[in-house]
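Chain and residue survey
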Amino acid sequence: MAEKSERLLNLYIMLLAQTRFVSKQDIRRAHYGEYADNPRGHEAFEKAFERDKDDLRELGVVIEVGSLDNYFDDELGYRISPDTSSLPEIRFGADEAAVLGIAARAWEQATLARATTEAMRKLAAQGVEIDTSRLDLVPPSLRAEEPAFDACWEATQKRRVITFDYRRPGEEAASRRLQPWGVVRSSGRWYVVGFDLDRQAERVFRLSRVQGKVTLTGKSAAYDVPAGTDVQAVAHNLVHRTPDIEATVLVRQRTGVALRRQSSSIEEDVAGPDDASGWDRVTVSGQARDLVGSVLALGPNAVLETPADLRSDVVSRLRGVAS
Amino acid sequence: MTSAGGGPKPTVHAAREQVGRLLALVPFLHQHGEVRISEAAEALGVDAAQLDKDLRVLFMCGLPGGFPDDLINVDLDALEGEGIIRVDNADYLARPVRFGPSEAAALVVALRAVEQSASSETREVVERTLAKLEAAGAASAAQQIHVAADTSPGAELLPVLQGAIEHGLQLEISYYVPSRDDQSSRVVEPRAITRVGDATYLDAWCHTANGDRAFRLDRIVSATELSEAVSERAAEPRDLSGGWFRGDGETVAVTLRLQPAAQWVPEYYPVNETSPGPDGTLDVVLDVASESWLQQLLFRVAPHASVIAPREFAESFTADARAALRLYQDGGVG
């Protein structure tokens, strides 16, 4: 590790200390002397150099690529400008630093927890002192238990194509190829949003339905995310394709607290199916399955009135038990 | 910080991480002058032994040229003797590197999550903090990751609960007990918001119960901050490491037979045993503290779950299902 660390740091310093672009030849001579001067050596050097550039970018370094010569632009060189690569001076008040300290403990996912730690370290390097004792706040818990998360996140960052097997409920697993644009968490689940190369369309995949390993293929920066893409909006549109349904439910008075809580309106003291208690008419919206489940859960304390198809759904499910 | 069991381990980038630590250490030293290794380790969140190893890489680095003057100077005598870090000839590393894309995204998303559950005063602080980070170029990477606001019931009350805790004031809450389908009002002295497993609780002293209680957030229907301050009963957070949130009533072991459509049940509720039943069914044994809770579950998945034992639970469920069905038939439809 020490050798690779030295090479990375020396490469960074070399490109940072120069005001002009440095040629690949000079870089190779200074830091990659171990690669032989033959086709195999050239290839190995190119690979190592690409990886090192990727590593520096991941650390936040901006590597500028430009022409070495004002007259001939066929040879490219590299440099790092202190202005674009340095963290701008940020000063935080004690209360802001405390909030940062809380946020730093929110990720319960290894890769992003580590990324947060590294970000906080840069702030500490700039003189920000974190003291969370000022604030009595529980950090929210951000998790990603799905094994596919790491690879999808990495591919999103590097703009690399991924392939994976995906199984929709009730179907066989099928292989998919995707240009990932971003990852989204909604209602406790992670999704990857992107462009499906086989379907030639935007698609959203639920990470928990990915089977086995996600493989990154091809080069970094292999595609562009369309300008103005809002991954949250894409995911929302594709996941919630069915609009909510409005249902009216007769609920026995003093029962159905949870259903009442999500209702849009309640009409009190209406005519009910029996006289054992008073009844209210509750209007709720939601997905058909959830509405039926909520009404069923109330047993003999609720009657789904409309729409008719949901009503008959409740009836047939009750018959299934009663018969 | 754990990944799912059996999942692939995150890739280790040991060299990159080491360089990342060094690119933070040098600016830190630039700010503070010579520092004890223990202080630097603490401030940067690095193990001191690791920092020692990192420094031994640093002094092998420097400007290209190969002359001794080109290398970064680490005072190894001071390091080994007094445990003090002294670094020279590294002025070009005086500023930390810009946030990497993952770093910016992770931090911004975490702050937004804090914002969602914060009291209105704290939320204002989070907004200021986010604005400063975004001005420093942290916003664009965060477009590739989005965590939707927690829309679980009760989450909208977090700012009120959190505010009362910060102000040290009592709360009046309306609390719903699903197994009784009942809602009651109580005055509590809030202590803390605590997460146990997937549920979030308000830990408080309850005046109605005259004792410590944990209220599940998704069952708090409303909450109002009162003007009375909390007493010393709410001063100290409790040690909640024991199974404090469990009901203390007696439980009955219930055996259910689940059709495929209801076989998600063991993923959501703790079951003692599972065994395959006939025709693709699954038999599970649950400890049930409340029969009405069980009924709700059975109705929700009807008709895909049935009670194998005890018999009286099976009978009362069928009787209730018939009663529910009659409500539809007497209404003229069914």
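Residues numbered from 1 in each chain as written. Chains lettered and ligands numbered in written order. Predicted model: local features only at pLDDT ≥ 70, side-chain atom pairs only at ≥ 80, totals over all residues.

This paragraph deals with the overall build of chain A. Check the secondary structure of chain A and you find 11 helices and 14 strands. Residue burial in chain A is summarised as follows: out of 323 residues, 37% are buried. Look at the contacts in chain A between residues 6 or more apart in sequence, and 60% of them connect residues 24 or more apart. (Helix = DSSP H or I, 4+ residues; strand = E, 2+ residues; numbered from the N terminus. Buried ≥ 20, exposed ≤ 12 C-beta atoms within 10 Å, placed from the backbone. Contact = placed C-beta atoms within 7 Å.)

With that settled, consider the overall build of chain B. Per the secondary structure count, chain B includes 10 helices and 14 strands. In chain B, which comprises 334 residues, the share counted as buried stands at 37%. Of the contacts formed within chain B by residues at least 6 apart in sequence, a portion of 58% connects residues at least 24 apart.

Turning our attention to the interface of chain B and chain A. Contacts between chain B and chain A engage 91 residues on the former and 93 residues on the latter. For the side of chain B that touches chain A, the class distribution of residues is 54 nonpolar, 24 polar and 13 charged. Relative to strand 5 (residues 145–147) of chain B, strand 7 (residues 174–186) of chain A is paired through three bridges, and the arrangement is parallel. Counted as the bridge partner of V184 of chain A is H146 of chain B from strand 5 of chain B. (Nonpolar A, V, L, I, M, F, W, Y, C, P; charged D, E, K, R; others polar. Pairing = 2+ DSSP bridges.)

Let us look at the sheet that holds strand 3 (residues 76–80) of chain A. Residues and elements named next belong to chain A. In space, the three strands of this open sheet follow the order 1-3-2, with antiparallel pairing throughout. For this open sheet the edge positions go to strand 1 (22–23) and strand 2 (63–67), each flanked by a neighbour on one side alone. When strand 2 meets strand 3, the two strands line up antiparallel, connected through five bridges. Residue pairing for strand 3: E64 is matched across the bridge by R79.

Working note: regular strand, side chains alternate between the two faces of the sheet. All names here are of chain A. Across five bridges, strand 6 (residues 161–166) lies against strand 10 (residues 210–217) in antiparallel orientation. Opposite V161, over in strand 10, you have T217 as the bridge partner. Here strand 6 pairs with strand 7 via five bridges, running antiparallel. Across the sheet, D165 pairs through a bridge with S175, a residue of strand 7.

Looking now at the sheet that holds strand 13 (residues 279–286) of chain A. All names here are of chain A. Strand order in the open sheet formed by four strands is 12-13-11-14, and the pairing between neighbours is antiparallel. Single-partner strands in this sheet number two, and they are strand 12 (263–270) and strand 14 (302–306). Averaged over all neighbouring strand pairs, the angle between strand axes comes to 25°, with direction disregarded. The pairing of strand 12 with strand 13 spans five bridges and is classified as antiparallel. Bridge assignment links E267 to a residue of strand 13, and that residue is R281. Taken strand by strand, helix 10 (residues 288–297) contacts strand 11 (245–252), strand 13 and strand 14, and its axis lies near 0° from that of strand 11. Helix-sheet contacts for helix 11 (residues 308–322) involve strand 11 and strand 14, and the interaxial angle to strand 14 is about 145°. (Axes fitted to C-alpha atoms, helices over the stretch in contact; angles between N-to-C directions.)

Residues and elements named next belong to chain A. Contact geometry for helix 10 and helix 11: axes closest at 10 Å, N-to-C directions at 50°. Classed by the angle they form, the pair helix 10 and helix 11 counts as oblique. The two elements helix 10 and helix 11 cross, and the hand of that crossing is right-handed. Mapping the contact onto sequence places A288, L291, V292, V295 and L296 in helix 10 and L310, D313, V314 and R317 in helix 11. The residue makeup of the contact of helix 10 with helix 11, split by class, is seven nonpolar, no polar and two charged. (Parallel < 35°, antiparallel > 145°, perpendicular 65-115°, else oblique. Left-handed = near helix turned anticlockwise from the far one by under 90°.)

What follows deals with unusual backbone geometry. Residues A302 of chain B and P303 of chain B are joined by a peptide bond in cis, for which omega reads -5°. As for its position among the elements, P303 of chain B is in the loop between helix 9 (291–300) and strand 14 (305–309). Residue P310 of chain B is bonded to the preceding A309 of chain B through a cis peptide linkage, with omega at -5°. The backbone of A221 of chain A shows a phi angle near 50°, a positive value even though the residue is not glycine. Assignment of secondary structure puts A221 of chain A in the loop between strand 10 and helix 8 (231–239). Taking the number of C-beta atoms within 10 Å as the measure of exposure, A221 of chain A has 10 and is therefore exposed. Positive phi values are uncommon outside glycine, yet N89 of chain B reaches one of about 65°. Here N89 of chain B lies in the loop between strand 4 (87–88) and helix 5 (101–117). Judged by the 16 C-beta atoms lying within 10 Å of it, N89 of chain B is partly exposed.

Another point: the confidence of the model for chain A. The pLDDT averaged across chain A works out to 88; a share of 94% of its residues lies at or above 70. Looking over chain A, one finds the lowest element-wise mean pLDDT in helix 8 of chain A, namely 75, and the highest in strand 6 of chain A, namely 96. (pLDDT = per-residue confidence, 0-100.)

A few words on the confidence of the model for chain B. All names here are of chain B. Summarising the model, chain B shows a mean pLDDT of 82, and 84% of its residues fall at 70 or more. This model gives residues 1–10 a pLDDT under 50, and the stretch forms 15 contacts once residues within four places in sequence are excluded. Confidence over residues 239–249 falls short of pLDDT 50; this stretch has eight contacts with residues more than four positions distant or in other chains. Scored as a whole, the predicted complex attains pTM 0.69, and scored at its interfaces, ipTM 0.74.

This part is about the environment of F28 of chain B. Its location among the elements puts F28 of chain B in helix 1 (residues 14–32). Separated by 16 residues in the primary sequence, F28 of chain B and L44 of chain B place their C-alpha atoms 8.5 Å from one another.

Our focus in this paragraph is the packing of helix 5 (residues 94–103) of chain A against helix 5 of chain B. At a closest axis distance of 9 Å, the pairing of helix 5 of chain A and helix 5 of chain B adopts a crossing angle of 105°. Here helix 5 of chain A is positioned roughly perpendicular relative to helix 5 of chain B, judged by the angle of their axes. The segment helix 5 of chain A lies against helix 5 of chain B, with V99, I102 and A103 of chain A engaging L107, A110, L111 and V114 of chain B.

Within the largest apolar cluster, 97 residues are counted, with the highest numbers of intra-cluster contacts made by A103 and C152 of chain A together with L107, A110 and V114 of chain B. When residues no more than four places from it in sequence are discounted, the contact partners of V114 of chain B are V99, I102, A103, A106, P139 and P140 of chain A together with V126 of chain B. If you look at the next biggest cluster of nonpolar residues, it comprises 63 residues, including W279, A297 and A302 of chain A together with W205 of chain B. (Core = buried A, V, L, I, M, F, W, Y, C linked by C-beta atoms within 7 Å.)

A separate point is the environment of A43 of chain B. Within the secondary structure, A43 of chain B sits in helix 2 (residues 37–44). The residues touching A43 of chain B, leaving out its near neighbours within four places in the chain, are A124 of chain A together with F28 of chain B.

Helix length check: helix 3 (residues 39–58) of chain A, at 20 residues, gives a terminal C-alpha distance of 29 Å against a target of 28 Å (1.5 Å per residue), a fit within 8%. For helix 3 of chain A, the complete set of buried residues consists of F45, D52, D55, L56 and E58 of chain A. Down the axis of helix 3 of chain A, the smallest arc covering the buried residues is 155°, so these residues share one side. Projecting away from the buried face of helix 3 of chain A at angles above 90 degrees are the exposed residues P39, E43, K47 and E50 of chain A. Where the residues of helix 3 of chain A are buried, they touch helix 1 (2–17), helix 2 (24–31) and strand 2 of chain A together with helix 1 and helix 5 of chain B. (Expected span 1.5 Å × (residues − 1). Arc of directions from axis to C-beta.)

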